[in-house]
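Analysis of the macromolecular model
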Amino acid sequence: MISLQRVTKVYRNGTTALEDVTVEVEKGEFVFIVGPSGSGKSTAIRLMLKEEEATKGDIYVAGKNLAKLTSWKVPHLRRNIGTVFQDFKLLQDKTVFENVAFALEVIGKPKHVIDQRVAEILELVGLGDKINNFPDELSGGEQQRVSIARACVNRPLVLLADEPTGNLDPSTSVEIMRLLDKVNRIGTTVVMATHDQAIVDAMRRRVIELDKGKVVRDQARGVYA
Amino acid sequence: MSRFEFLFRETTSGLRRNGLVAFAAISTTFIALLLFGLSLLISRQVSLMIEATTGNVEVAVYLTDPVNPDTVRSLSGTLTGLPVVENVDFESKQEACDRFKELFANQPALVNNVNCDALPASLRVKLEDPEQYAQVEAVLQGQPGIDRIVDQSAFLDRLFAVTRVFRVGVLLISFVMLVSAAILIANTVRMGLFARRKEIGIMKLVGATNWRIRTPFLVEGLFESLIGAAAAILVLFGLKVAFINPLNESVQFVPWIVNSDVIAIIPWLLLAAVVVSLLASLAGMRRFLDV
C-alpha cells in the first residue's frame, strides 16, 4: 500500500530530514512511526501526501509512483488518503456536520451521498448527537473525532495521522486510539507518527523508529523504545 | 445542484468578508468602464457629426454667378470621367440656402441677416480616395465658371485630429483605470485566499482539484467586475438622457447618438469587464495555489 524505497529528503535550507529510508507498509497494516522531534516523522507523512517531493528514491502510495504523478493528479491521490493532525484543522465557523461534509462537497459528491455518508461516519466516531455543534463547543477529544470522521468519510485506503494525540490528555488519547483501531479493523491502512510512548506500548503494533532521518528499528508488535 | 449551492455560498461569503476592498474594486471597474464607454460614444458622436456637416463630401467646387447649366453639365461630365471620383452632385443656390437655414435653424439672427443670394451654387464631389484631391484640382484648373475649389478633407483632417486627442485621452484614462481595477480585483482575490487559507489547506488535503478551489474566487472577481459594468452601463444611459436628450431638442442640425448607439457598446463593456476580471483573478491567485 505504501512503499518508500531508499528515500532521501533534503530541504532547501540544507537540512537532511530523511536519509536512505526504505519502508514497506502492507494493505490493512497499523504502523507507528516513532522518534524524537526532528527525526523525520512529519516529513515522511508529508512525502506520502506529495506535499513535498523526495530528493532521492521512490515513493509508492496506493499503487502510484509519486515522483511521476503530475500535479493535476495529486488531488485524486489525496482522495485515497485520509489525514489527521495534532491541531485538528477544523473550520470554526462550520458545524460538526458541515466540517465533515466539506470534505465531500469539495470533491463534488452529490448531496444525497454527502448526507448519508456524513451521518454514518459521525455515528461511527460516536458524535451522532453533536452534529449541529460548532468545534469550540466540543472537547479536544471530540474535535479530534470530527477530524477523523472527516478523514474517513470518503473511505480512504490509507489514513495518515501526524501526532493525533499530541494535544490530548492520556485518557482521551486512549479513546482516540480505540477509534483509529476501529478504522483500521474495517480495512483502512493506518500510519501514525507519534512520540506518545504509553500509546505505542499499549497497542503493540508494528513500530518504525526514526532517528536523525534514518530507520533505526522496524519491529512487528513493538514498543516505543 | 449542490455544486452550484456550494459555489454560491463560497462566493457570497467571500464578498461579505472583504466588502471594503470589493467595493473599491467594483467602483474602479465602474469608473474605468464608464470612461471606456464614453470614449466609444464620443467616437460615434463625432462620426455622426462629420457625416452631417460635410455630407461625406470631400471637395466642394463653388461656381460663379450666374450659373450656366451647360457649364454644370460639362464640369460634371469631366469630373465623373475621373476614376478617383465616386460621384458628383449639383447643389443650386436655393438648395445651398435651404441647407444653411437647416444647419443654423437654432440661430435665427444668423439666418435672417444672411441674404440667400450670397450663397453660391456648387458641385459636391465625393472621392474614392480623398488623398487624390490634386487630380481634381488639376482637371478643373482654368475651366470657366469656377469661383473656388475647396478641399474639405483638410477640414476633416483637422476635425479628426482635434477629436482624436479627446477620444484617445479618454481611452487612455479608461485604460489606466482598467489596470487599477485589475490590481484591486487581484487584491480582493488575494485577500480572500489569505482569509481562507485554512479552508484551502483542508480542501487540498481532502483532494479538491485546483480548479475547484479557484472557481469561487474567479466567480467573485467576475461578479465584482460585472457589477461595475452594470453600473457603468446604467450611468451611460443616464448621461445620454441627461445631456444628449436636451441637446436633441435645442441643437437639431446635429444628429445626436440614440439609445441604440448606447446599446451597441454594451457587449464591449461586458467583454472588457470579463477579460479584466479573469486576468486579474488568475494573477491574484497564481502563487497561492501550487499544490
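Residues numbered from 1 in each chain as written. Chains lettered and ligands numbered in written order. Predicted model: local features only at pLDDT ≥ 70, side-chain atom pairs only at ≥ 80, totals over all residues.

Considering the overall build of chain A
From N to C terminus, chain A includes seven helices and 10 strands. Viewed in the frame of its principal axes, chain A has a C-alpha envelope of about 45 × 40 × 30 Å. For chain A, buried positions account for 44% of its 225 residues. Restricting the contact set of chain A to residue pairs at least 6 apart, pairs at least 24 apart contribute 68%. (Helix = DSSP H or I, 4+ residues; strand = E, 2+ residues; numbered from the N terminus. Buried ≥ 20, exposed ≤ 12 C-beta atoms within 10 Å, placed from the backbone. Contact = placed C-beta atoms within 7 Å.)

Observations concerning the interface of chain B and chain A
On the chain A side, the residues contacting the 15 residues of chain B number 17 residues. The set of elements that each furnish at least two residues to the side of chain B that touches chain A consists of α1 (2-17) and α8 (197-205) of chain B.

Comments concerning the sheet that holds strand β3 (residues 30-34) of chain A
Residue and element names in this part refer to chain A. If you walk across this open sheet you meet the six strands as β6-β7-β8-β3-β9-β10, and the pairing is mixed. A strand with exactly one partner marks an edge of an open sheet, and here the two such strands are β6 (81-85) and β10 (214-219). With direction set aside, neighbouring strand axes in the sheet form an average angle of 15°. Across five bridges, the pairing between β6 and strand β7 (residues 158-162) is parallel. Paired with Phe85 across the bridge in β7 is Asp162. (Pairing = 2+ DSSP bridges. Axes fitted to C-alpha atoms, helices over the stretch in contact; angles between N-to-C directions.)

A few points about the sheet that holds strand β2 (residues 85-91) of chain B
All names here are of chain B. One open sheet holds the four strands; their spatial order is β2-β3-β1-β4, and the pairing between them is antiparallel. The open sheet terminates on both sides in strands that have one partner only, identified here as β2 and β4 (146-151). In this sheet, adjacent strand axes meet at a mean angle of 15° when their direction is disregarded. Relative to strand β3 (residues 122-127), strand β1 (residues 59-63) runs antiparallel, the two sharing four bridges. By the bridge assignment, Val59 is partnered in β3 with Val125.

Digging into helix α6 (residues 170-185) of chain A
Residue and element names in this part refer to chain A. Taking 1.5 Å of rise per residue, 16 residues should cover 22 Å, and α6 covers 22 Å from first to last C-alpha, within 8% of that figure. Among the residues of α6, those classed as buried are Ser173, Ile176, Met177, Leu179, Leu180 and Val183. On an axial view of α6, the arc spanned by its buried residues comes to 160°, and they lie on one face. Facing away from the buried surface of α6 by more than 90 degrees, the exposed residues are Ser171, Arg178 and Arg185. On its buried side, α6 packs onto α5 (140-152), β7, β8 (189-194) and α7 (197-203). One or two positions beyond α6, positive phi appears at Gly187, with a value near 110°. (Expected span 1.5 Å × (residues − 1). Arc of directions from axis to C-beta.)

A word on helix α10 (residues 259-285) of chain B
All names here are of chain B. Under the 1.5 Å per step criterion, the end-to-end length of α10 is 39 Å for 27 residues, consistent within 8% with the ideal 39 Å. Bending of α10 peaks at approximately 25° at the position of Ile266, with proline Pro267 no more than four residues after it. For α10, every residue scored as buried is listed here: Val262, Ile265, Leu269, Ala272, Ala273, Val276, Ser277, Ala280, Ser281, Gly284 and Met285. (Bend = angle between axes of the 7 residues up to and from the residue.)

Examining the pairing of strand β1 (residues 2-10) of chain A
All names here are of chain A. In the sheet, β1 pairs with strand β2 (residues 16-25) via six bridges, with the strands oriented antiparallel. Paired with Val10 across the bridge in β2 is Thr16. Counting the residues that bridge the hairpin from β1 to β2 gives five residues, and of these Gly14 lies at a positive phi of roughly 95°. Of the pairings in the sheet, the one linking β1 to strand β4 (residues 56-61) comprises five bridges and is antiparallel in character. What sits directly across from Leu4, in β4, is Ile59.

Some points on the confidence of the model for chain B
Interpretation of this model should avoid reading the predicted coordinates in detail wherever pLDDT is low. All names here are of chain B. Here chain B averages 81 in pLDDT, while 88% of its residues score no lower than 70. For chain B, α1 is the element with the lowest average pLDDT, namely 69, and α10 is the one with the highest, namely 91. Under the prediction, the complex receives an ipTM of 0.88, its pTM being 0.71. (pLDDT = per-residue confidence, 0-100.)

Overview of the nonpolar core
Residues A:Val100, A:Ala149 and B:Leu33 are the most contacted members of the largest nonpolar core, which totals 104 residues. In terms of residue count, the dominant contributor to this core is helix α2 (residues 19-54) of chain B (12 residues). Counting residues in hydrophobic clusters, the runner-up holds 12 residues, among them B:Val59, B:Leu79, B:Val85 and B:Val125. (Core = buried A, V, L, I, M, F, W, Y, C linked by C-beta atoms within 7 Å.)

Some points on the packing of α5(A) against α6(A)
Residue and element names in this part refer to chain A. Running from N to C, α5 and α6 cross one another at 15°; their axes reach a closest spacing of 10 Å. Here α6 runs roughly parallel to α5, going by the angle between their axes. For the pair α5 and α6, the sense of crossing is right-handed. Residues Gly140, Gly141, Gln144, Arg145, Ile148 and Cys152 of α5 form the contact with α6, whose participating residues are Thr172, Glu175, Ile176, Leu179 and Val183. Per-class residue counts for the contact of α5 with α6 are five nonpolar, four polar and two charged. (Parallel < 35°, antiparallel > 145°, perpendicular 65-115°, else oblique. Left-handed = near helix turned anticlockwise from the far one by under 90°. Nonpolar A, V, L, I, M, F, W, Y, C, P; charged D, E, K, R; others polar.)

Things to note about the packing of helix α7 (residues 152-195) of chain B against helix α9 (residues 210-250) of chain B
Residue and element names in this part refer to chain B. Running from N to C, α7 and α9 cross one another at 145°; their axes reach a closest spacing of 10 Å. Here the hand of the crossing between α7 and α9 comes out right-handed. Residue-level inspection shows Ile185, Thr188, Val189, Gly192 and Leu193 of α7 in contact with α9, the latter providing Phe217, Glu220, Gly221, Glu224 and Ser225. Residue composition of the contact of α7 with α9, by class: four nonpolar, four polar and two charged.

Quick notes on the environment of B:Leu123
Residues and elements named next belong to chain B. Mapped onto the elements, Leu123 comes out in strand β3. The buried category is assigned to Leu123, around which 22 C-beta atoms lie within 10 Å. Distance in space between the C-alpha atoms of Leu123 and Leu75 is 8.6 Å, their sequence separation being 48 residues.

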